[in-house]
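# Structural overview for review
Chain by chain, the residues:
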Amino acid sequence: MICLGIESTAHTFGASLVDANDRILTNVNSTYRPPVGVGIHPRKASEHHATVADDIVRTALSTTDGSAIDPDIIAYAAGPGLGPCLRVGATVGRALSSFLKKPLVPVHHGVAHLDIAMSIAKARDPLAVLVSGGHTSILVHVGKKWRVYGETQDITLGNLLDMFGREARLPSPGGASVGREAMKGQNLIKLPYTVKGNDVAYSGLLTAAATLLRKQSNLADLCFSLQETAFSMLSEAVERSLVQTRRSEVLLAGGVAASPRLREMIGSVAEDHGSSFHPVPIEYSGDCGAQIACSGRLAFESGVKISISDSFVTPRWRMDEVDVPWIPRA
Amino acid sequence: MDTASLNSTLLHRGAEADLSLATIGPWRVVVKRRVRKEYRNPILDERIRHDRTISEASVIHEAKTAGARVPSIVGVDIENNAIVMTHLAGTVARECLDDMGKSEAQKLLRSIGEQIGLLHTAGIVHGDLTTSNVIVSPSGPPFIVDFGMSRRSIEAEDRGVDLHLLQRSIIASHRQNPSSMMNSMIRGYEEITGMKVASSTWRKAREIARRGRYFAIR
C-alpha cells in the first residue's frame, strides 16, 4: 500500500510517497522564498504552489527509472495553515482522488510533523516538542489525543526568529540566519525571560531584541543572546514537563528542530533525566510532503478518510482536537 | 547559612532543583538547591538560579504570614542557591488524586481552592500550580509547595494563569472529571476571595486557555 502525501500549509509545496513499511520512496518539495525583509504573503505563496504543483506531484509519482507509480491513498494537509495555500494542496488532492478513484485522507500538519519524526526514530510514546513557524508546543499522548502540556502563549519560536530575522534584514528562514550570526557572538545581553509554568511567551523578547537592534547593538551578540534566551525558556518548560510526565523518550520535531543549538539543549535535558533523545533528521524537519504521506498512511489504517464533498481545509485546527489512535506506536 | 557542610540525603530530583533531607537540631528539614543546568549559558544560568532562590524564600515566608499551608523557611544559602525549609509529611496530590473516590477528590480540590484563595488574597501568585506541587496532608489542609516561579501580583491575569495551569494539569495527568474537579476548586477559592475576585480570575483563566494556537473560536 502506497500513500501519496501533499503538503501546502505555508511556504512549501511538497509531494511524497511512503509505503506500507514506513519507507519514504520519494519526497519532492519546493519552497516559496519571500524577498529579504518581507514575510510570507499568503496569496503569493499560493500562486507559487499552483505553479509548481504539477511538476512536484509528477516527479514524486515517478521512480528513478522514469516509470509512474499509482498511489493507493491520497493524503493532503487539511490544516492548520494559510487558507489560500491550503486550498491549492486540497484541490490537487481532490482531483487525484477523484481521477484515480482512491480514498482521500485529511491530515493535521502538526500531527504529521510528529508522525514522521516518530517513524524515523522508531519512538513509541514520547514527550514531543514541536517547534516551527506554526507551533511551539510540548505534548504527550493520552487516550486518543495529543495533549498540550505546555505551549507558547503568543508567537511561536519560528515566528520569533523569522520576525527578528526580517527586522535585521537577514535572509529567510530566520532561524538558520540567526543561528549563523549567533555563532559569532559571545556577550550575553540581558533580555526578558518569560516562563509561566510549562508555557512560554516570546513577544516581549521579540520587542526587546528589535528595540536593541534599532539602537545599533552588535548583531552577532544580539542573535546569540536572543537564541540563548529563547531556547533556554523552551528547554526549561520541556524539563518541567518531562519531570511531570516521566516519559522515557523525548522527540524534537518541526522546522526549528534543525537548529544545532536547540538540539544540543533539548538533548541535554533528556539526558539529564535518563530519557532517550530523538531529534527529527534535518532533511525532514521543515515542512515536506513526506510528513503528510507518513501521517496519512497511519490515519488511513486507523479508518480515517473523507468524501470529496466534505474535504474542507481548516486554517485553525488545534493538535489536541485530532484523534490520533495510532499512538503509542508498536 | 552554609548548606554545603550539611549532612543530607537526596530525596528528589526536580526539574530545576535537587531536594535533600537533613536534620538541624529538632527539625527534619528539606534543602532545595537549584542546580547548574548544562544546557544553559553560564551567565543566564547563574542569574536565574540566584534571582529565583531569593524570590522563592521571601514569597514562602510571606505566604506563611498570610495563613497559607506552606513550609517554614529555616534559612537561605545564597552562595549555593539553596533554601532550607521544614519537611512536610504527606503524599503528592499527583500520586493520590486518581485513587480517590469522587467525593474525596472534590473535597481535596475544594481545600486546594481555599489555599490558592489565601495566596491570591495576599497578592501572591504561584506561577507553577500543578498537582505535583500540592502535598496532601494526613492532618489538616493540603500544603502548597514549590514557589520557584511565583511572584507578587494583584493582576487577574496572573491569578488566571494559576487556575489555568491547575486545570491543565488535571486534564493532562488525571482520570478524574476535570470540570467537576474545577467546580469544587472554584467553590473553595470563592469562599476565601469573595465572588468578585473569583469570577474575574476564572474568566481570565478561560481566556488564557484559549490563547493557545489555532482555536477556532476566540
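Everything numeric in this text was worked out from a predicted model, so none of it was measured. (Residues numbered from 1 in each chain as written. Chains lettered and ligands numbered in written order. Predicted model: local features only at pLDDT ≥ 70, side-chain atom pairs only at ≥ 80, totals over all residues. Heavy atoms only, no water.)

## Some thoughts on the overall build of chain B
- Assigned secondary structure in chain B consists of 6 helices and 10 strands.
- The C-alpha atoms of chain B give 18 Å as radius of gyration, which agrees with the globular expectation for 218 residues (17 Å, within 12%).
- Overall size of chain B, expressed as C-alpha extent along the three principal axes, is 55 × 40 × 30 Å.
- Counting only residues that meet the buried cut, chain B has 52% of its 218 residues in that class.
- Once local pairs closer than 6 in sequence are excluded, the contacts in chain B between residues at least 24 apart make up 63%. (Helix = DSSP H or I, 4+ residues; strand = E, 2+ residues; numbered from the N terminus. Rg over C-alpha atoms; globule rule 2.2 N^0.38 Å. Buried < 20%, exposed > 50% of the residue type's maximum accessible area, 1.4 Å probe, protein only. Contact = heavy atoms within 4.5 Å.)

## Quick look at the sheet that holds strand β1 (residues 8-13) of chain B
Residues and elements named next belong to chain B.
- Here we have 5 strands laid out as an open sheet, ordered β1-β2-β3-β5-β4, and antiparallel in their pairing. Each end of this open sheet is capped by a strand with a single partner; those strands are β1 and β4 (73-77). Averaged over neighbouring strand pairs, the angle between their axes works out to 25° when direction is ignored.
- Here strand β2 (residues 17-24) pairs with strand β3 (residues 27-34) via 8 bridges, running antiparallel. Across the sheet, residue Leu21 finds its bridge partner in β3, namely Val30. (Pairing = 2+ DSSP bridges. Axes fitted to C-alpha atoms, helices over the stretch in contact; angles between N-to-C directions.)

## Description of the interface of chain B and chain A
- Facing 37 residues of chain B, the contacting portion of chain A comprises 47 residues.
- Counting the contacts that link chain B with chain A gives 8 salt bridges.
- A salt bridge links Glu239 of chain A to Lys37 of chain B; its shortest N-O distance comes to 2.8 Å.
- Where chain B meets chain A, there are 12 residue pairs in polar contact (both at pLDDT 80 or more).
- When contributions to the side of chain B that touches chain A are tallied by element, the ones reaching two or more residues are α1 (42-65), α2 (93-96) and α4 (156-173) of chain B.
- With 8 residues, the single largest contributor to the side of chain B that touches chain A is α4 of chain B.
- Of the residues contributing to the side of chain B that touches chain A, the split by class is 14 nonpolar, 8 polar and 15 charged. (Salt bridge = Lys/Arg side-chain N within 4 Å of Asp/Glu carboxyl O. Polar contact = N/O pair within 3.5 Å; in protein donor to acceptor, adjacent residues only side chain to side chain. Nonpolar A, V, L, I, M, F, W, Y, C, P; charged D, E, K, R; others polar.)

## Overview of the confidence of the model for chain B
- Per-residue confidence for chain B gives a mean pLDDT of 93, with 97% of residues at or over 70.
- What the predictor reports for the complex is a pTM of 0.90 with an ipTM of 0.87. (pLDDT = per-residue confidence, 0-100.)

## Section: the sheet that holds strand β9 (residues 143-144) of chain B
- Strand order in this open sheet of 3 strands is β6-β8-β9 (chain B), and the pairing throughout is antiparallel. The outermost strands of the open sheet, each flanked by one partner alone, are β6 (91-92) and β9 of chain B.

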